[in-house]
Every structure is written in structure tokens, then in C-alpha cells.
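# Breakdown of the fold
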There are 2 protein chains.
Amino acid sequence: MKENRYDDPVFFRKYSEMARSRLGLEGAGEWKTLRPMLPDFTGKRVLDLGCGYGWHAFYAAENGAEKVLGIDLSEKMLAVAREKNTFPNVRFARGAMEDVRFPDGSFDAVLSSLALHYVKDYAELVSRVYRWLTPGGAFVFSAEHPAFTAYGNQDWYYSPEGEILHFPVDRYFYEGEREAVFLGEKVIKYHRTVDGYLKPLWQAGFTVEDLSEPRPPEEMMDLPGMKDEMRRPMMLLVSARKPL
Amino acid sequence: MKENRYDDPVFFRKYSEMARSRLGLEGAGEWKTLRPMLPDFTGKRVLDLGCGYGWHAFYAAENGAEKVLGIDLSEKMLAVAREKNTFPNVRFARGAMEDVRFPDGSFDAVLSSLALHYVKDYAELVSRVYRWLTPGGAFVFSAEHPAFTAYGNQDWYYSPEGEILHFPVDRYFYEGEREAVFLGEKVIKYHRTVDGYLKPLWQAGFTVEDLSEPRPPEEMMDLPGMKDEMRRPMMLLVSARKPL
């Protein structure tokens with residue numbers, strides 16, 4: 001519960017070497033798909049849940065947000081985010097998504113990039129996000145894809161010769177904890193089904209406006225392993241809106 | 001294209017022996033999940049695309065539909081549907097979903113049960129369904145799940161001893177034709193991603209109101225193979241509405 005893997009020095013060093021850590025949004029394969037799903041940030045109060053290095057928070061500020069708050073559980077993440085921060089209206093605070101509380105209507109947009117699969121009680125968090133938003137407010141998130149998280153170890157199934165055969169799916173309808181291997185380290189994640197991600201949104205009162213499964217971008221197709229990303233979905237991107 | 005597998009005598013005989021063919025809706029594992037997603041049929045003009053034996057058409061009539069039209073490509077299916085039909089306001093007609101045309105606003109509800117994965121150009125069909133519906137009209141469908149159709153043969157991956165290891169996913173982002181084995185016979189189906197099913201709905205103008213991945217019902221859990229249905233998703237159920 002509320003595992004703080006990103007404050008483990010070895011794990012954090014490996015994370016910091018990933019393209020998305022070094023290059024920011026342009027190094028993230030899903031960014032081209034996510035960007036058009038984001039709301040107009042002009043004059044908006046924005047919350048970023050699981051902000052990491054703060055790339056999305058900075059993007060919101062660059063695009064006119066009035067103020068942005070990034071929340072993360074990892075002090076190491078926040079240290080990098082604060083160091084990179086050049087915006088007086090972007091602030092970072094330590095906290096678990098499960099624990100933070102804000103007055104109703106505190107934000108016009110809530111973002112979360114690849115963090116919700118670390119949350120045990122997603123439905124409860126969604127109902128809080130709904131209350132934090134003003135009417136018309138947007139909730140946009142990415143999470144690991146249910147077909148990617150179901151089996152558990154998040155690895156391909158290989159032939160005895162070490163060749164990728166396919167990606168395994170199992171235990172799909174058994175939602176809950178999985179022990180995945182990420183950057184060579186064990187990490188606890190939570191598997192949810194596709195409807196497990198969507199139904200809590202409708203139940204909270206959201207309108208679901210878009211859902212995307214990002215394909216690898218054409219210009220990254222030559223990077224090692226990128227062609228294999230066509231073989232199974234890895235992420236689910238969703239944009240939802242609180243009705244006016 | 002527009003393969004008419006259900007008029008093949010061997011295939012049709014096997015289909016007619018399935019629980020869903022013998023028992024109707026109560027024999028279909030997804031029915032308990034689909035039923036609450038259906039609209040109120042009272043006084044409604046209903047179209048059923050790929051109606052098969054007509055179970056859903058009859059259900060709409062039993063629940064107050066003003067008139068119901070079932071469309072199917074298979075004469076054998078329609079012969080059974082007509083034989084079972086006791087409703088003066090339920091009519092069946094032969095046609096491919098891809099080919100049928102109706103005036104705008106002809107229906108208040110459009111249903112399709114496990115037929116859309118036989119359609120090559122889903123997006124085009126969705127835009128037609130949108131036009132056929134009156135404002136406020138409902139489009140509810142089930143289709144085979146993208147994680148189920150991606151690989152192609154729709155079978156488990158087995159150990160050398162014949163034990164189920166997991167379900168394989170591959171070629172996920174390569175949408176299009178797959179040669180599946182259904183009831184021991186080769187059938188052409190079309191694989192689409194989850195966003196491949198949803199985005200055309202939004203693009204046509206629909207509001208997506210619900211999405212379900214049916215779990216096997218508790219009372220069927222003792223049927224052979226049913227526990228394995230917890231291991232991978234097989235169907236995607238979606239309800240959408242044309243705004244008022």
C-alpha cells in the first residue's frame with residue numbers, strides 16, 4: 001500500500017535514465033496521443049496527481065494555467081521537479097494520491113500520468129477528483145493498460161530460444177495487486193479491467209469524452225523494441241468531464 | 001467480406017447446439033450484464049443488426065417495443081427466427097449490416113449482439129446507425145473483446161501437456177481481418193482495438209454511456225470451462241446515446 005518505490009536509490013537511478021525522464025514529454029511515446037486529449041489550460045487551476053518530474057505540470061503552466069499543484073509520494077521525484085521548476089505559479093507537494101484532500105471545486109483540471117495503477121482504491125479517488133473539480137472541469141489520465149497488467153509480470157512470453165512469442169493475458173477479471181518487474185526491480189501495481197477504469201467515472205457523474213490506446217509514434221519506430229509495442233497495448237488514456 | 005458462415009450446414013448445426021441457441025438469452029453468459037444496459041423499449045422502434053435467432057428482437061417486443069426489425073445475412077438464422085416469432089410487430093429481413101439503408105430517424109434504438117466483429121468497416125456503420133436514430137436514441141452492442149480477437153485463432157496457449165497456460169495477445173494494433181476457429185470451423189472476423197470500437201462512436205456524435213466486460217455469471221461457474229472465462233475478457237458491451 002502506498003509503496004514508495006521511487007525513493008529507492010537504485011530504482012530512481014534507473015527511472016532517471018529512461019527517455020521520458022531525460023527528454024520529458026517529447027521522450028514519452030504516448031505524449032502525441034495524450035496532448036490532444038488535454039483541456040485548454042488558459043486561466044485554469046490544475047492538479048497533477050503523481051506528478052513525477054513535473055513535466056505535465058510545466059506543460060499546463062506553459063499553456064496558460066493560472067496555478068498548478070503537483071502531488072507525488074516520492075521526495076526524490078519532487079526534488080527533481082522543484083529543481084526544474086521555473087514557474088512561480090507551479091508548486092509541488094508531497095502526498096499520496098489516496099490521502100490528499102482539497103475543498104470541493106478547488107480545480108478546473110485534474111491530470112494523472114501513469115500513476116493510477118499504483119492506487120488501490122481507484123473508485124474512491126475518482127469520486128474525490130469529481131468533487132475537487134468545478135462544473136465543466138476535465139479529468140485526463142493515463143494508466144497501464146488492463147491487458148498489460150492482468151498477467152502480472154508485464155513481460156512477453158518467450159520461446160526457449162528467447163524469441164518473443166506473444167504477450168500473455170491471465171487473471172483478467174481478478175482485479176487487484178500484482179507484482180510487476182519494472183526497470184529490473186519489483187514493484188507493486190494494481191490491475192484493473194477496462195470497465196474497472198471506466199465505470200467509476202460514470203458512477204461519480206463524469207462524462208467520458210475520449211479513450212485512446214497509444215500506438216508507438218512513427219518517428220520512434222526505429223528505437224529498440226518499439227516495433228514490438230505494436231503487438232500489445234501498454235497504456236490506456238482517458239479524458240472525462242464533470243458536466244456543467 | 002460479408003462472409004455468410006452461418007448458412008454453412010455444418011457450422012449452423014454446431015451453432016444451434018450452443019447453450020445460447022438452445023436456451024436463448026438465459027443461456028448467454030453476458031445477458032445479465034447486457035440487460036441493464038438496454039434502453040426502455042416502451043413504444044420504441046427497434047433495429048437489431050445481426051439478429052440471429054431473434055432473441056433480442058423478441059425481448060424488445062416483450063418489453064413494449066412498438067415495432068422491431070431484425071436483420072441478418074443468414075437465411076438459416078432467419079428461418080429459425082421467423083419460426084420462433086409470435087409477435088405481429090416483429091419482422092425479420094435478410095441483409096448485410098454493411099448494405100442496409102434506412103431513412104434518417106427511422107429507429108429509437110439499435111441493438112447488435114456479437115455481430116460487429118464480422119463487419120469490416122465499423123466506423124462507417126456507426127455513422128449510419130447515428131443517422132438512423134432519433135435524438136435521444138440508444139445504440140447498444142456487444143462484440144468480441146479486442147484482447148480476445150488480437151492474436152487471431154481465439155484459443156488459449158497450452159503447455160506441451162495440454163494444460164492452459166494463459167491467453168495470447170499479439171498484433172493488437174494491427175486492426176483488420178483474422179481467421180478464427182469458432183465451433184471447430186474457420187471464420188473470418190475483424191479485430192479492432194478498444195479505442196477502435198469507441199472513437200467512431202464519439203466521432204459520429206454519440207455519448208458513450210456505459211462499457212462492460214462481462215464476467216461469467218456465478219450460477220454458470222460450474223459449467224465446463226467457465227472458470228477459465230475469469231482469465232481473459234471475451235466480450236465488450238457498449239451503450240451509447242445520440243444526444244437530444
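What counts, and where the lines are drawn
Residues numbered from 1 in each chain as written. Chains lettered and ligands numbered in written order. Predicted model: local features only at pLDDT ≥ 70, side-chain atom pairs only at ≥ 80, totals over all residues. Heavy atoms only, no water. Contact = heavy atoms within 4.5 Å. Buried area = accessible area lost by both parts, 1.4 Å probe. Salt bridge = Lys/Arg side-chain N within 4 Å of Asp/Glu carboxyl O. Helix = DSSP H or I, 4+ residues; strand = E, 2+ residues; numbered from the N terminus. Buried < 20%, exposed > 50% of the residue type's maximum accessible area, 1.4 Å probe, protein only. Least-squares fit on C-alpha atoms with pLDDT ≥ 70 in both. Pairing = 2+ DSSP bridges. Axes fitted to C-alpha atoms, helices over the stretch in contact; angles between N-to-C directions. Parallel < 35°, antiparallel > 145°, perpendicular 65-115°, else oblique. Nonpolar A, V, L, I, M, F, W, Y, C, P; charged D, E, K, R; others polar. UniProt positions renumbered as here; feature names shortened; annotations may be inferred. Core = buried A, V, L, I, M, F, W, Y, C linked by side-chain atoms within 4.5 Å.

To continue, consider the interface of chain A and chain B. Between chain A and chain B, the residue contacts involve 34 residues of the former and 34 residues of the latter. Carbon and sulfur atoms supply 55% of the area buried between chain A and chain B, which totals about 3100 Å² over both sides. On the surface where chain A and chain B come into contact, there are eight salt bridges. Two residues, K199 of chain B and D210 of chain A, come together in a salt bridge whose shortest N-O distance is 2.8 Å. Elements that contribute at least two residues to the side of chain A that touches chain B include exactly β7 (164-169), α8 (194-204) and β10 (207-212) of chain A. It is β10 of chain A that provides the largest number of residues to the side of chain A that touches chain B, a total of six residues.

Once that is clear, we can look at the environment of V208 of chain A. Here V208 of chain A shows up in strand β10. Residue class for V208 of chain A comes out buried when judged on its relative accessible area of 3%. Counting along the chain gives 68 residues from V208 of chain A to V140 of chain A, while the straight-line C-alpha distance between them is 9.8 Å. With residues near it in sequence (within four places) discarded, V208 of chain A still touches L198, L201, W202, V238, S239 and A240 of chain A together with W202 of chain B.

On to the relation of the copies chain A and chain B, then. Between chain A and chain B, the superposition needs a rotation of 180° and an axial shift of 0.0 Å, giving an RMSD of 0.0 Å. Expressed as an axis order, the relation between the two copies is that of a two-fold axis. Judged by C-alpha distance, P168 of chain A is the residue of chain A that lies nearest the rotation axis, at 2.4 Å. Interface overlap between copies: 100% of the residues of chain A at the interface are likewise at the interface in chain B, consistent with a symmetric, same-surface contact.

Bringing the sheet that holds β7 of chain A into the picture now. One open sheet holds the four strands; their spatial order is β6(A)-β7(A)-β7(B)-β6(B), and the pairing between them is antiparallel. Each end of this open sheet is capped by a strand with a single partner; those strands are β6 (157-158) of chain A together with β6 (157-158) of chain B. Where β6 of chain B lies against strand β7 (residues 164-169) of chain B, two bridges are found, and the strand directions are antiparallel. Looking across to β7 of chain B, one finds that Y158 of chain B is bridged to I164 of chain B.

A separate point is the pattern of salt bridges. Taken as a whole, this structure holds 35 salt bridges over all chains when the rule is applied. Put simply, R5, D8, K14 and E185 of chain A are held in one network by salt bridges that share partners.

Quick look at the packing of helix α1 (residues 9-16) of chain A against helix α5 (residues 75-84) of chain A now. All names here are of chain A. Running from amino to carboxyl end, α1 crosses α5 at an angle of 40°, the nearest separation of the two axes being 10 Å. By the criterion of interaxial angle, the relationship of α1 to α5 is oblique. Residues P9, F12 and Y15 of α1 pack against K76, M77 and V80 of α5. Looking at the contact of α1 with α5 residue by residue, the class counts come to five nonpolar, no polar and one charged.

Look at the UniProt record and you will see "domain: Methyltransferase type" (unreviewed entry) annotated at residues 47-141 of chain A. With 31% helix and 32% strand, residues 47-141 of chain A has its two end C-alpha atoms placed 12 Å apart.

This paragraph deals with the nonpolar core. Counting 86 residues, the largest nonpolar core has F139 and L201 of chain A together with L116, F139, L201 and F206 of chain B as its most contacted members. Leaving out residues up to four positions away in the same chain, F139 of chain A has contacts with V110, L116, V126, V129, L133, L201, F206, V238, S239 and A240 of chain A. Formed by 27 residues, the second largest nonpolar core is a distinct cluster that contains L34, A60, L111 and L237 of chain A.

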